Each structure stands twice: as C-alpha cells, then as structure tokens.
Amino acid sequence: RRDLGAPRRARPDGWASQELSGVGLAVDGTMQLVPLIVYFLSQNLCQQEFVVKLVPEKFRGWIPAIAALLSFVIASKYQSANAGKATDGLIGKPAPDFEITLAGKATSLQELVKEKSLPMIIDLYRNF
C-alpha cells in the first residue's frame, strides 16, 4: 500500500493519461447522468398535450421510470464496451514504476517484483 504521508509524484511518461484518456473519467461521469436526464425529460414529455391524448394516465406514470431504466442498461453496455477497449491497450505492457512503502520500508514496484520473483496482481482504485 502507498504511504499516505508521502507526496505524490507526477508520472513523467504520462502512462495512465495516454492509455485511458479517451475513455476514462469523462465518460464515467457523463454516463451516470444519462438515466437521470432521460427521467426528467420523459417526465416533461408525458405532460405534453399529444402524449396526454395518446397514452392513458395510468401508463404515463410509468414512462419516465421505464425510459430511465432502459437508458441505464444501454449506457452500462456502452460504458462496459469502452472500458474493455481501454484495458486491452494496457495488456502486455510493463507496469509503471512508483515508490511505495511496505512495512516501513521504502521501495519501488520494480524492486519488489525482482525481490519476490513471483507473478503479482496490483489493484489500483479511485477513492472519491
């Protein structure tokens, strides 16, 4: 685990930003808002005169929820497909080297890999 007291270093080679730039954070935030936007837009649409004449009132109440659910499913599929494309570009490339502190000992990732000489899985996550 990373020592929380240590200052963060910027990646000079831009490893993560180059590989994930087109698909990463920008798409994540937008795709999560799609169902909410669809819900409110369809709620507005259900109040329009032509919809009131065509659709019975008991069904009009369900249209925003159904539209939001459908948009959520479609947005999730789209986001999953793009996430797969982003990670495919990383497979087979060497991991970036960074400083970490384990059990009070400062080391780098590459040194740790050489020391253990075993396959490793490192799980990096975003903490909001």
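Above this note sits the structure.
Because the structure is a prediction, the values reported are computed rather than measured. (Residues numbered from 1 in each chain as written. Predicted model: local features only at pLDDT ≥ 70, side-chain atom pairs only at ≥ 80, totals over all residues. Heavy atoms only, no water.)

Some points on the overall build of the protein
Formally: Starting at the N terminus, helices and strands are each numbered in turn, a helix being any DSSP run of H or I of at least four residues and a strand any DSSP run of E of at least two. Type-normalised accessible area, obtained with a 1.4 Å probe on protein chains alone, sets the label of each residue: buried when under 20%, exposed when over 50%, and partly exposed for intermediate values. To measure how exposed things are, a 1.4 Å probe is used in the Shrake-Rupley method; for residues, cover is taken only from the protein chains shown.
Regarding its fold elements, the protein presents six helices and two strands. The linear arrangement of helices and strands in the protein, starting from the amino end, is α-α-α-α-α-β-β-α. Of all 128 residues assigned to the protein, the portion counted as buried reaches 16%. Total accessible area on the protein is roughly 10,400 Å²; 63% of this is exposed by carbon and sulfur atoms.

Regarding the environment of Val 38
In plain terms, the rule: Contacts are assigned to residue pairs with any non-hydrogen atoms lying within 4.5 Å of each other.
Residue placement: Val 38 occurs in helix H2 (residues 25–45). Placed 28 residues apart in sequence, Val 38 and Ile 66 show a C-alpha to C-alpha distance of 9.9 Å. Setting aside its immediate chain neighbours within four residues, Val 38 contacts Ala 67, Ala 68 and Ser 71.

A closer look at the packing of aromatic side chains
Note the threshold: Two rings from Phe, Tyr or Trp (for Trp, the six-membered ring) form a pair when their centres are within 6.5 Å of each other. A pair whose planes differ by under 30 degrees is stacked, one over 60 is edge-to-face, and the rest are tilted.
Under the counting rule described, the total for this entry stands at one aromatic pair. With a centroid separation of 5.5 Å and 80° between ring planes, the pair formed by Tyr 39 and Phe 40 is classed as edge-to-face.

A closer look at the pattern of salt bridges
Rules: A pair is scored as a salt bridge if a Lys or Arg side-chain nitrogen falls within 4 Å of a carboxyl oxygen belonging to Asp or Glu.
Applying the stated criterion across every chain yields a total of two salt bridges. Lys 53 serves as the salt-bridge partner of Glu 49, at 3.2 Å between the closest nitrogen and oxygen. Pair noted here: Glu 49 and Lys 53 are both in helix H3 (residues 49–54), with a separation of four residues, about one helical turn. Under the relative-accessibility criterion, Lys 53 is labelled exposed at 65%. Between Lys 105 and Glu 115 there is a salt bridge, and its shortest N-O distance comes to 3.5 Å. With Lys 105 in strand S2 (residues 105–108) and Glu 115 in helix H6 (residues 109–116), the pair connects residues that are 10 residues apart, well separated along the chain. On the accessibility criterion, Lys 105 (48% relative accessible area) is partly exposed.

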